[in-house]
Amino acid sequence: MRVKNVLSEITLVITELEVQLGSELRSSPTLCAMLPASETQEALVIPLNTPDGRPILLSLANAIPLADLGATA
């Protein structure tokens, strides 16, 4: 196995994310990948595990704009 090239710099961070599960609001420490802002997009945080700790694949479909962190619904 070898690295052909690095496509993007991503920082691993641990965030406290809140999620609505039914009528209950839960929060938990979550391992995330943070993509820096660029000219075409704002900074994004992508969760790498579910609130109960199960791993999930890195997917831009799961991305949360960094400006949304800390906002309440």
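Residues numbered from 1 in each chain as written. Predicted model: local features only at pLDDT ≥ 70, side-chain atom pairs only at ≥ 80, totals over all residues. Heavy atoms only, no water.

*Asks:* Go over the overall build of the chain, please, and point to the residues and values.
*Replies:* Each helix and strand in the chain was counted, giving zero helices and four strands. What you see in the chain, going N to C, is helices and strands ordered as β-β-β-β. In terms of its C-alpha atoms, the chain occupies a principal-axis envelope of roughly 45 × 30 × 20 Å. Taking all 73 residues of the chain together, 22% fall into the buried category. (Helix = DSSP H or I, 4+ residues; strand = E, 2+ residues; numbered from the N terminus. Buried < 20%, exposed > 50% of the residue type's maximum accessible area, 1.4 Å probe, protein only.)

*Asks:* Give me the pairing of strand S1 (residues 11-21): which residues, what numbers.
*Replies:* Sheet topology note: the S1/strand S2 (residues 24-35) ladder contains 11 bridges and is antiparallel. Looking at S2, one finds that Thr-11 is bridged to Met-34. Two successive antiparallel strands, S1 and S2, enclose a turn made up of two residues, where Gly-22 displays a positive phi of approximately 65 degrees. (Pairing = 2+ DSSP bridges.)

*Asks:* Describe the sheet that holds S1, and please don't skip the residues or the numbers.
*Replies:* Hydrogen bonds along the backbone pair up the strands of a sheet, which may run parallel or antiparallel. In space, the four strands of this open sheet follow the order S1-S2-S3-S4, with antiparallel pairing throughout. Here the strands that pair on one side only, and so sit at the sheet edges, are S1 and strand S4 (64-65). Note that S2 and strand S3 (residues 44-47) share four bridges and pair antiparallel. Paired with Ala-33 across the two strands is Ile-46, which belongs to S3.

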